Amino acid sequence: MSRQYLIRRLLIAIPSLLGISIVLFTVLALAPGDPFGELASNPAIPPEVAASLRAKFGLDDPVWIRYMHWLVAMVHGDWGFSFASRINVDTLILQRLPTTLIVIGAAQILAIIVALPVGVLAGTRPYSIFDQVANTLAFIGFSLPTFFTGLLLILIFSVRLDWLPMVYRADLGSTGWTWFVAEIKQSIMPVAVLGLFQGASLVRYVRSAVLDVVRLDYVTTARSKGIGERKVITRHVVRTALIPVVTLVALQMPVVFGGAIVTEQIFRVPGIGSLLISAMLSNDTPVVMAVTFVFACLVVLFNLIADILYGWLDPRIAYR
Amino acid sequence: MASAVVLLAIVLAVVLGPLVWRVPINEIDFAAQLAGPSWAHPLGTDDLGQDILARLLYGGRISIAVGLCAMLVAAVVGVLVGAIAGMSRGSVDAALMWLADLFLSLPQLPLLLLIIYLFRGALTSVFGSQGGIFVMVVAVIGGLRWMQVARLVRAQILSIREKEFIEAARALGASKVRQVVRHILPNAMGPVIVAGTIDVAAAIIAESTLSFLGLGFPPDIPTWGRVLFDAKDTLDVAPHWALFSGAAIFLTVLSINFIGDGLRDALDPRRVL
Amino acid sequence: MTDTLLDIRELKTWFATDDGMVRAVDGVDLKIGRGETVGVVGESGCGKTVTARSVLKLIDMPPGRFEGGQILWQGRDLLPLGAAEMDKIRAREIAIIFQEPMTSLNPVYTVGAQIAEVLREHEKLTRRQAIDRAAEMLSLVNIPNAKARVHDYPHQFSGGMRQRVMIALALSCRPKLLIADEPTTALDVTIQAQILELMQEMKERFGMAIMLITHAMGVVAETCQRVVVMYAGKVVEEAPAVALFGNPRHPYTQGLIRSIPRVDRAAEHKERLEAIQGTVPSLLNPPPGCRFAQRCRFASDVCRQAMPPLKQVGPGHFVRCVL
């Protein structure tokens, strides 16, 4: 992969980030009334904070200047003050972000571990019993909304079997090995809900990509080399089938973040998703805006990672 | 096929059900609080002793109506954008497709939540609490799902517009709009129907998610997601409450997805892409 | 032909379809001796490609199925062999190149890596040694600047160059038989000649036998010692090249030869090129008699009743015709 390709992808990410920020700002600007109006009426807010916020957002300037101010503030991480938590929004989000990233990351890994072999097996044996079972399960998997799967898991593993804790606790009050075990136990369900949902659609992507690749001439060439079916599948089929899968996974990222919000809410995982919901329920506008902005940045970031992966997986792209 | 039967049964149940099952959705009966299924309440009751079957039948109407209306919004916007992009080419086309790509990479749920958070007050004052939420949920869900349809319509137009019968129509002096409406759109219908079907399922999930997070319809309108939201805190004592409402969403979405898949095979959108 | 490498006997490769069994290869006999170049000709769908792929067992099963026959490689039947045994034959003993050089190489690996892969599978080589050998092979097939180009990807090569890479890949383990399945069909005419020349050169260098599958009679005339003509899943004529072109016996062969454009004759005699009338019969339920009978001008009732046997009409010259 060439350096130019990397730089080009980075440059392409900027307009999409700007585009998303314009959409966000438009929503904010179109919102009826003054979104910070309650600053004045809320006695809990020190008047000097309210004044500085109003000045920062320059609510009487022309639209594009307000946008510029807003963007600069957002990019600087200057996100204001949380009314509900009484700390700066950037501190609050930085506290919560790692949890979200860990849950999403673990779920992605789980999804890949489950979906890749299943999808490949199903794709190399199309219309076999295994394929049909896998396909049906995948269909059920992504038709099950995350909030329902979450409740089902709680019902089975917490209420009935009492194996796993119902909600996630940030402060476990233990150390060392017991802390680690408790941490794993309380992470199983959130990660499983998100991972299996993502895995279900991944199975179908992998399967159809494998089906497309298996028929290609170079797979026959690989078979004629006498390297064994296993190597033919792993080196030649899976390796190329991953290319379209990466794109589809990137397109799925916004859905994954949506799932993360729901999952965090169900299991009370203290990430930015549950922060968003609680901020909305308590009318904490700066937090709402900042979290939405962070989610937008994460989507762009993951798209960028997918682009780079794509260029690394497909040598034809990097040279174009 | 089985999925079509299931879906038909669900739709008939929510349309006709409330006419047959005449238990009111908000009859509070503390004597029958959180009761399991019985003859009086086939699906049990909730924490206020309200009949769950009646609530689900009523809520299903709203959930399915939201799904259908949001799909229509998405389809109309998508066809318009796709048709304009496909017919105009050049910079307009590029700009619209860039917009579609941008919308595809928006974090949908956070944005959905944000819009509802910011606009809820204004809309409820115009349309009333029930109507306001309905209009907003439909508009926002539909407004965030038009991209797929737009791409399909545009691809179809690009592939068909050079074909002979369009040349012929152009030679006969048919206007651009007329070409699109009379000749191109009917050809693009197959893939659009498939995308639309899947959009219905996605919109139902989106609405349920909003209600489940407590940010969708108010408690007196028992959409499926809202019922599930209310039920989640009593999982240990009244699991039937959550199970029945969740199952309603799941079965509907599953059968719609299966139908979409069947339609995809039958209509084969590959010939377009 | 004292030293037989490959001896295909009564091979039947059938395919299960929704409409029934398609008898793509229906009782084919074919022998290839050491160092011999044998042409297999016939129009599309006559079973020549399926025969070639059957030898290396590269047929997808299902839907494909071996219904009968034997494929003897140096006296050993390949059909009952397991996958592991078969992999020892592939590339090391029998190699194959395909029609489409544009799609026969994996786009995500360098050509060097793809040649090295087969070398490391069959010979104990380090990665470095394998890449060096790959570069040697590339320069052997006349790819300029081979040392640098090992590290290039297939899309950086032209079609003709990719076919050279395929030949280098196929020959890297010094196979005794190279199956070339329409190796020049997808290439420009000038490149076709170069590739055929290269194959000839490689044959002289390595002394392997070649099974050249093609529908171009001209290619066969230039390169092959012996020719097998296939029609609708059957061998209809087999002869030394000279005998076949000098004295074709089967009406189908005669038709094929008359359909070759000849610059020298056409000008003098103002002959018309002849096309063979009609189309290949369905292989789903082939008629009992000679499969060419429907299109044959000489066909009689005898031809339609039973399949004529292969009979000898000259030294090494066999024909499946009652005439």
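Procedures and definitions
- Here the residue numbering is sequential within each chain, running from 1 through the sequence in written order.
- Ligands are numbered from 1 and chains lettered from A, in the order in which they are written.
- Residues qualify for local features only when their pLDDT is at least 70, as the model is predicted, and side-chain atom pairs are given and counted only at 80 or more; totals for whole chains, interfaces and linings, by contrast, use all residues.
- To get the side-chain values, all heavy atoms of the structure are used, and hydrogens and water are removed first.
- Each helix corresponds to a stretch of at least 4 residues labelled H or I by DSSP, and each strand to a stretch of at least 2 residues labelled E; elements are numbered beginning at the N terminus.
- Throughout, a contact is declared for two residues whenever any of their heavy atoms are within 4.5 Å.
- The Shrake-Rupley method, run with a 1.4 Å probe, gives the accessible areas here. Residue values count only the displayed protein chains as cover.
- Relative accessibility thresholds used throughout: buried, under 20% of the residue-type maximum; exposed, over 50%; partly exposed, between the two (1.4 Å probe, protein chains only).
- By buried area we mean how much accessible surface two parts lose on assembly, using a 1.4 Å probe and totalling the loss over both.
- Between Lys or Arg on one side and Asp or Glu on the other, a salt bridge is scored when a side-chain nitrogen of the former is within 4 Å of a carboxyl oxygen of the latter.
- Throughout this description, a polar contact denotes any pair of N or O atoms lying within 3.5 Å of each other; where both atoms belong to protein, one of them has to be capable of donating a hydrogen while the other can accept it, and for residues adjacent in sequence the pair is counted only when both atoms sit in side chains.
- Strands qualify as paired when DSSP identifies two bridges or more between them.
- Inter-axis angles, ranging from 0 to 180 degrees, are taken between N-to-C directions of lines fitted to C-alpha atoms, where helices are fitted over the stretch in contact.
- Detection works on a 1 Å grid of protein atoms alone, calling trapped sets that fit a 1.4 Å probe cavities and calling open sets with protein on both sides within 12 Å along at least five of seven lines pockets, with lining residues defined by an atom within 4 Å of a point.
- Grid points are joined across faces, edges and corners, and a volume is the space filled by probe spheres set on the points.
- Like-charged residues are merged into a patch within 9 Å and nonpolar side chains (Val, Leu, Ile, Met, Phe, Trp, Tyr) within 5 Å, provided each residue has over 30% relative accessible area and no salt bridge.
- Each residue gets one label: Ala, Val, Leu, Ile, Met, Phe, Trp, Tyr, Cys and Pro are nonpolar, Asp, Glu, Lys and Arg are charged, and the others, such as Gly, are polar.

Asks: Help me understand the overall build of chain B in this model?
Replies: Each helix and strand in chain B was counted, giving nine helices and zero strands. Mapped in sequence order, the helices and strands of chain B form the string α-α-α-α-α-α-α-α-α. The long-range fraction of contacts in chain B, counting pairs at least 24 apart against all pairs at least 6 apart in sequence, stands at 70%. When the accessible area of chain B is evaluated, it comes to approximately 11700 Å², of which 68% is carbon and sulfur surface.

Asks: Please clarify how helix α1 (residues 48-55) of chain C should be interpreted in this entry.
Replies: Residues separated by three or four positions in an α-helix point in the same direction, a consequence of the helix having 3.6 residues per turn. All names here are of chain C. Counting buried positions along α1 yields six of eight residues, so the element is predominantly enclosed. The complete set of buried residues in α1 reads K48, V50, T51, A52, S54 and V55. Looking one or two residues past α1, K57 carries a phi angle of roughly 55 degrees, positive in sign.

Asks: What is the right way to look at the interface of chain B and chain A in this model?
Replies: One widely used convention gives an interface's size as the accessible area the parts lose upon coming together. Facing the 42 residues of chain B at the interface are 49 residues of chain A. Counting each side, the surface lost to burial between chain B and chain A is near 3900 Å², with a carbon and sulfur contribution of 83%. Summed over the shared surface of chain B and chain A, the result is one salt bridge. Ionic pairing is found between A:R204 and B:D261, a salt bridge with its closest N-O pair at 3.1 Å. In this assembly, chain B and chain A are joined by two residue pairs in polar contact (both at pLDDT 80 or more). For the side of chain B that touches chain A, the elements supplying multiple residues, two or more each, are α3 (90-104), α4 (108-143), α7 (176-212) and α9 (239-267) of chain B.

Asks: How should the sheet that holds strand β4 (residues 64-73) of chain C be read in this particular structure?
Replies: Sheets are built from strands that pair by backbone hydrogen bonding, the pairs being arranged parallel or antiparallel. All names here are of chain C. Here we have four strands laid out as an open sheet, ordered β2-β1-β4-β5, and antiparallel in their pairing. The open sheet has two edge strands, β2 (20-33) and β5 (76-77), and neither has a second partner. Contacts between α1 and the sheet are confined to β1 (4-17), β2 and β4, with β1 contributing the most and set at about 115 degrees to the helix.

Asks: What should I look at first to understand the layout of surface pockets in this one?
Replies: The gaps left among the atoms become clear once a water-sized probe is rolled over them. Taken as a whole, the second largest pocket spans an internal volume of roughly 790 Å³. Considering the residues around the second largest pocket, the lining is formed by 26 residues, among which A:R9, A:I12, A:N303, A:D307 and B:D101 are closest to the centre. For the lining of the second largest pocket, the secondary structure elements donating two or more residues are α1 (3-30), α10 (229-267) and α12 (285-313) of chain A together with α3 of chain B. Per-element tally for the lining of the second largest pocket: the top contributor is α1(A), with seven residues.

Asks: What am I meant to see in a nonpolar patch on the surface here?
Replies: On the surface, A:W177, A:W179, A:F180, A:V181, A:I184 and A:I188 cluster together into a nonpolar patch covering about 610 Å² of accessible area. With respect to the helices and strands, the residue A:W179 is situated in helix α8 (residues 176-214).

Asks: What am I meant to see in empty space enclosed by the protein here?
Replies: A complete count under the given rule lists five cavities of 30 Å³ or more for this structure. In this structure, the largest cavity spans a volume of roughly 80 Å³. Surrounding the largest cavity, 13 residues form its lining, C:P251, C:C290, C:C296, C:C303 and C:C321 being those nearest its centre. Per-class residue counts for the lining of the largest cavity are eleven nonpolar, one polar and one charged. Volume-wise, the second largest cavity comes out at about 60 Å³. Together, A:T221, A:S224, A:K225, C:A91, C:A95, C:I96, C:V118, C:M166, C:L169 and C:A170 line the second largest cavity. Counting only elements with at least two residues in the lining of the second largest cavity, the list comes to α9 (217-224) of chain A together with β6 (94-97) and α6 (159-171) of chain C. Counting residues per element, the lining of the second largest cavity draws most heavily on α6(C), which supplies three residues. Of the residues assigned to the lining of the second largest cavity, the class counts are seven nonpolar, two polar and one charged.

Asks: Explain the sheet that holds strand β3 (residues 37-41) of chain C here, please?
Replies: Residues and elements named next belong to chain C. Overall, mixed pairing links the eight strands, which are arranged β6-β7-β8-β3-β9-β10-β12-β11 in an open sheet. For this open sheet the edge positions go to β6 and β11 (311-314), each flanked by a neighbour on one side alone. Neighbour-to-neighbour, the strand axes of this sheet turn through a mean angle of 20 degrees, independent of strand direction. In terms of strand pairing, strand β9 (residues 226-231) meets strand β10 (residues 234-240) through six bridges, oriented antiparallel. Bridge pairing in β10 links R226 to P240.

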